[in-house]
Amino acid sequence: MQTEQGEHEPSSLLWGLDPVLSSFAKLYVKDILRMRESSQIPVDDGTGVINCLCWKDEKWRENTDAVNSGATLQVSNKGGFNPVEQLKKLKLAQKLSAQLEIGDLLRVRGSVKTSREQREIMACSYYKVNDPVMEVQISWMMEVLHLYRDFYDKPFLFTKSVQHLDTAEGDDLLRSLSVLRRASRLLMSFIREKGLGSFRPKDVQHLLMPLLSCAPSCSTTQQESTVAQSSSKQVHHLFRDVIKALQDEGLVFRKVISQDEVYQAREQDKELRRVTKDIVREDSGREKYAEKGCHVLHILSCVRQTYSRNVSKSVIEMVLRCLERDSEIFSTIDQNHYKYISVTD
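Just so it is clear, the model here is predicted, and its values are computed rather than measured.

Draft legend 1. Structural view of unusual backbone geometry. At Met134, a position not held by glycine, the phi torsion is positive, near 60°. Positionally, Met134 belongs in the loop between strand 4 (118–128) and helix 4 (135–152). Residue classification places Met134 among the partly exposed residues on the basis of a relative accessible area of 44%. Despite not being glycine, Ser327 shows a phi value in the positive range, around 60°. Within the secondary structure, Ser327 is located in the loop between helix 11 (313–325) and strand 9 (329–331).

Draft legend 2. Here's a closer look at helix 4. Spanning 18 residues, helix 4 covers 24 Å between terminal C-alpha atoms, matching the ideal 26 Å at 1.5 Å per step. Along helix 4, the residues that are buried comprise Trp140, Val144, Leu147, Tyr148 and Tyr152. The buried side chains of helix 4 occupy one side of the element, clustering within an arc of 100° when seen end-on. In helix 4, the exposed residues that point more than 90 degrees away from the buried face are Glu135, Ile138 and Arg149. Packed against the buried residues of helix 4 are helix 1 (29–34) and strand 3 (106–115).

Draft legend 3. How the structure looks around the environment of Arg181. In this structure, Arg181 sits in helix 6 (residues 171–194). Classification of Arg181 by relative accessible area gives partly exposed; the value is 31%. As for Arg181 and Ala245, which are separated by 64 residues in sequence, their C-alpha atoms are 8.8 Å apart.

Draft legend 4. Layout of the nonpolar core. In terms of nonpolar packing, the biggest core is built from 23 residues, with Leu187, Phe199, Val204, Leu208, Leu238, Ile243 and Leu246 touching the most fellow members. Among the secondary structure elements, those contributing two or more residues to this core are helix 6, helix 8 (221–248) and strand 7 (263–265). Those residues in contact with Leu187, other than ones at most four positions away along the chain, are Val204, Leu207, Val242, Ile243 and Leu246. Of all hydrophobic cores here, the second largest spans 21 residues; its members include Ile279, Cys294, Val296 and Leu323.

Draft legend 5. The arrangement of the sheet that holds strand 5 (residues 198–199) in detail. Spatial strand order, 5-7-6: three strands in an open sheet with antiparallel pairing. Each end of this open sheet is capped by a strand with a single partner; those strands are strand 5 and strand 6 (252–253). Both strand 5 and strand 7 contribute to a ladder of two bridges, which runs antiparallel. Directly across from Ser198, in strand 7, lies its bridge partner Gln264.

Draft legend 6. Quick look at the sheet that holds strand 8 (residues 294–295). Strand order in this open sheet of three strands is 8-10-9, and the pairing throughout is antiparallel. Of all the strands in the sheet, the pair left with one neighbour each is strand 8 and strand 9. The strands touched by helix 11 are strand 9 and strand 10 (337–340); relative to strand 9, the strand with the most contacts, the crossing angle is about 110°.

Draft legend 7. Region of the structure containing the packing of aromatic side chains. In this structure the tally under the stated criterion is three aromatic pairs. Seen in terms of ring centroids, Phe199 and Tyr263 are 5.7 Å apart; in terms of plane orientation they differ by 20°. Their pairing is stacked. One end of the pair, Phe199, is in strand 5; the other, Tyr263, is in strand 7, with 64 residues separating them in the sequence. The pair Phe199 / Tyr263 is uniform in exposure class, with both members buried.

Draft legend 8. Focus on a nonpolar patch on the surface. Together, Met134, Ile138, Met142 and Leu145 make up a nonpolar patch on the protein surface, roughly 390 Å² of accessible area in all. The topology assignment puts Ile138 in helix 4.

Draft legend 9. Expanded view of the packing of helix 10 (residues 296–306) against helix 11. The interhelical angle for the contact between helix 10 and helix 11, taken along N-to-C directions, is 110°, at an axis separation of 10 Å. Judged by the angle between their axes, helix 10 and helix 11 are roughly perpendicular. Only Lys313, Ile316, Glu317 and Leu320 of helix 11 make contact with helix 10, whose side of the interface consists of Val296, Leu297, Ile299, Leu300, Val303 and Arg304. Looking at the contact of helix 10 with helix 11 residue by residue, the class counts come to seven nonpolar, no polar and three charged.

Draft legend 10. Structural context of helix 10. Those residues of helix 10 that fall on the buried side of the exposure criterion are Val296, His298, Ile299, Leu300, Cys302 and Val303. Where the residues of helix 10 are buried, they touch helix 9 (270–284), strand 8 and helix 11.

Draft legend 11. Molecular detail of the packing of helix 9 against helix 11. One way to put it is that helix 9 packs onto helix 11 with a least axis distance of 10 Å and a crossing angle of 75°. Taken together, the axes of helix 9 and helix 11 lie roughly perpendicular to each other. Of helix 11, the residues touching helix 9 (which contributes Leu272, Arg273, Thr276, Lys277 and Val280) are Val315, Ile316, Val319, Leu320, Cys322 and Leu323. Class assignment for the residues of the contact of helix 9 with helix 11 results in eight nonpolar, one polar and two charged.

Rules and cut-offs
Here the residue index of a chain counts from 1 through its sequence in written order. With the structure being a predicted model, the display of local features is reserved for residues of pLDDT at least 70 and the display and counting of side-chain atom pairs for 80 or more, all residues being used for whole-chain, interface and lining totals. Hydrogens and water molecules were not included; the side-chain quantities draw on all heavy atoms of the structure. Strands here are runs of E lasting at least two residues and helices are runs of H or I lasting at least four, both read from the DSSP assignment and numbered beginning at the N terminus. Only protein chains enter the accessibility calculation, which uses a 1.4 Å probe. A residue is then buried if its area is under 20% of the maximum for its type, exposed if over 50%, and partly exposed in between. A helix is expected to reach a length of 1.5 Å times the quantity of its residues less one. Directions from the helix axis toward the C-beta atoms define the arc. Whether two residues are in contact is decided by their heavy atoms: any pair within 4.5 Å suffices. We call a set of buried Ala, Val, Leu, Ile, Met, Phe, Trp, Tyr and Cys residues a nonpolar core when their side-chain atoms join them within 4.5 Å. We treat two strands as partners when DSSP finds at least two bridges between them. Whenever a helix is involved, its axis is fitted only over the stretch in contact; in every case the axis is a line through C-alpha atoms, and angles between N-to-C directions fall within 0 to 180 degrees. Centre distance within 6.5 Å is the pairing criterion for rings of Phe, Tyr and Trp, where only the six-membered ring of Trp is used; planes under 30 degrees apart are then read as stacked, over 60 as edge-to-face, and the remainder as tilted. Every patch collects residues that have over 30% relative accessible area and no salt bridge, joining them within 9 Å if they carry like charges and within 5 Å if they are nonpolar side chains (Val, Leu, Ile, Met, Phe, Trp, Tyr). Note on areas: Shrake-Rupley, 1.4 Å probe, and residue coverage restricted to the protein chains presented here. Definition used for salt bridges: Asp or Glu carboxyl oxygen within 4 Å of a side-chain nitrogen of Lys or Arg. In these notes the angle categories are as follows: under 35 degrees is roughly parallel, over 145 is roughly antiparallel, 65 to 115 is roughly perpendicular, and the rest is oblique. Amino acids outside the nonpolar list (Ala, Val, Leu, Ile, Met, Phe, Trp, Tyr, Cys, Pro) and the charged list (Asp, Glu, Lys, Arg) are all regarded as polar, and Gly is one of them.

Laid out in structure tokens, this is it:
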């Protein structure tokens, strides 16, 4: 999994081309631990132990006595199909699958996070596996062994269309991408340091001048004017590229599209945070969203109706992550559904 020391490593700008990066990889626990709040479930696959965190829905807390006592349902002897009985059976099976004990075999899917300086898995789904003779577990270990051998332990080979990016021919392009990344960091550092809630291009474009290559010395006034115009255009183009990159990441956005080009800094926009939290809090109590929570697209639609129609999905996703980080909301079945954490939870 890790690149050996001394081995050539491709630029981080190209990592997104590797499909393993954006997939749910099946890994050994020992390799997850080596990589650089409710109840926690430790998971052991024989290679190590890691904690798994999974929010439990409110419905699983109901009727636990009936589940723990192994209550059985009366089956009709009339031979007809009874939808009410079948629905009760399904709910009972779901409740039983959520009752975990030490030694149970689980299938867990989620993302790796670091909490209190320890690795853990933020599980988006888990279920109990019935495997009395360990057939499923052996099959899984063999599958992972093949995945490591055929995919994970092999360096990713880029296609011919991007192979030149790791050669001298791609130096100019990589240099431009490096400047773009540095400019994005510089602009965000300035916004955070000054606590800017909004800004205009003229307020920050001067920060990008040092990142451009120095112009050659000029002997005449006309040449100086030409160089100044060229530098101004370079700064303008770089600013456009930086703003687009920050918008794609959900860090800045335009609340109102007008001739007065004003950008909002998402981190400093307390009103957007409040509106988003209020939407999740109010809709979490509705029957439609009581089980799975509010989908991010539903939240985005509500924000566009009440706050600004120009807010992008990436901005809302970042706001939701911040609210989840501050334990004001939590994700339910995946990273697209959220519920409000009430004081009674």
